[in-house]
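Notes for the structure review
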Amino acid sequence: MSVIRYTKDHEWIRVEGDVGVVGITDFAQSQLGDIVFIDLPDVGGEVVQGGEVAVVESVKAASEVYSPVSGEVIAVNSAVVEEPGVVNNDPMGQGWFFKIRLENPEEINALMDEDAYQGYYGKDD
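Attention here is on the structure that accompanies the text. (Residues numbered from 1 in each chain as written. Predicted model: local features only at pLDDT ≥ 70, side-chain atom pairs only at ≥ 80, totals over all residues. Heavy atoms only, no water.)

1. Re the environment of E46
With respect to the element layout, E46 can be found in strand β5 (residues 46-47). E46 sits 57 residues away from E103 along the chain, and the two C-alpha atoms are 9.4 Å apart. Excluding residues that lie within four positions of it along the chain, E46 makes contacts with G71, E72 and E103. (Helix = DSSP H or I, 4+ residues; strand = E, 2+ residues; numbered from the N terminus. Contact = heavy atoms within 4.5 Å.)

Encoded structure:
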């Protein structure tokens, strides 16, 4: 069973066991507009919760992506580097950014579930 959590900075993480898949939310990609460039972290790199881990550039702006949890980057999605528009089309599916082995699974508890994330931004489906 996977668990999805959100940050206040519009990142999502889907956790299965001790591995999380990370990307930006649909709200984030809609605010950025057409994404034209993504810089992802290096596989094997260590990241800390809340630390800058990637950069997304769109026709409107550049934005930092922060890691929802601490751990080691174990994979990156080269498809979004080659075709950044994938993130606009499927931000929480094919548009994921990287996978991380969680250093401290308890950090996930500090993140918002979907209802809390939706409520935080006053959005309704």
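Back to the text.
2. Things to note about unusual backbone geometry
Located in the positive-phi region is H10, a residue other than glycine, with phi close to 75°. Mapped onto the elements, H10 comes out in the loop between β1 (3-6) and β2 (11-16). The exposure class assigned to H10 is buried, which follows from its relative accessible area of 15%. (Buried < 20%, exposed > 50% of the residue type's maximum accessible area, 1.4 Å probe, protein only.)

3. Re the nonpolar core
In this structure, I13, I24, F97 and I100 are the most contacted members of the largest nonpolar core, which totals 24 residues. Of all elements in the fold, only β2, β3 (19-24), α1 (26-32), β4 (35-39), β6 (52-58) and β9 (98-102) reach the threshold of two or more residues within this core. Not counting residues within four places of it along the chain, the set of residues in contact with I24 comprises H10, E11, W12, Q29, L32, I35, V65, V87, P91, M92 and F97. (Core = buried A, V, L, I, M, F, W, Y, C linked by side-chain atoms within 4.5 Å.)

4. Some details on the sheet that holds strand β7 (residues 62-66)
Pairing in this open sheet of three strands is antiparallel, and the strands run β4-β6-β7 from one edge to the other. Pairing within the sheet leaves two strands with one partner each, and these edge strands are β4 and β7. The mean inter-strand angle of the sheet, taken between neighbouring strand axes irrespective of direction, is 25°. In terms of strand pairing, β4 meets β6 through four bridges, oriented antiparallel. For D39, the partnering residue across the bridge sits in β6 and is V55. (Pairing = 2+ DSSP bridges. Axes fitted to C-alpha atoms, helices over the stretch in contact; angles between N-to-C directions.)

5. Side note on the pattern of salt bridges
A complete count under the given rule lists one salt bridge for this structure. The partner of D18 in a salt bridge is R101, and the shortest N-O contact between them spans 3.7 Å. Highlighted residues: D18 in the loop between β2 and β3 and R101 in strand β9, separated in sequence by 83 residues. Note on D18: relative accessible area 37%, which makes it partly exposed. R101 gets classed as partly exposed once you look at its relative accessible area, which sits at 37%. (Salt bridge = Lys/Arg side-chain N within 4 Å of Asp/Glu carboxyl O.)

6. Things to note about the sheet that holds β2
Read across the open sheet, the six strands follow the order β1-β2-β3-β9-β8-β5; overall the sheet is antiparallel. Among the strands making up the open sheet, the edge pair consists of β1 and β5. The pairing of β1 with β2 spans four bridges and is antiparallel. Its bridge partner being in β2, I4 is matched across the sheet by R14.

7. Overview of the environment of D42
Among the structural elements, D42 can be located in the loop between β4 and β5. Relative accessible area serves as the criterion here: at 62%, D42 is assigned to the exposed category.

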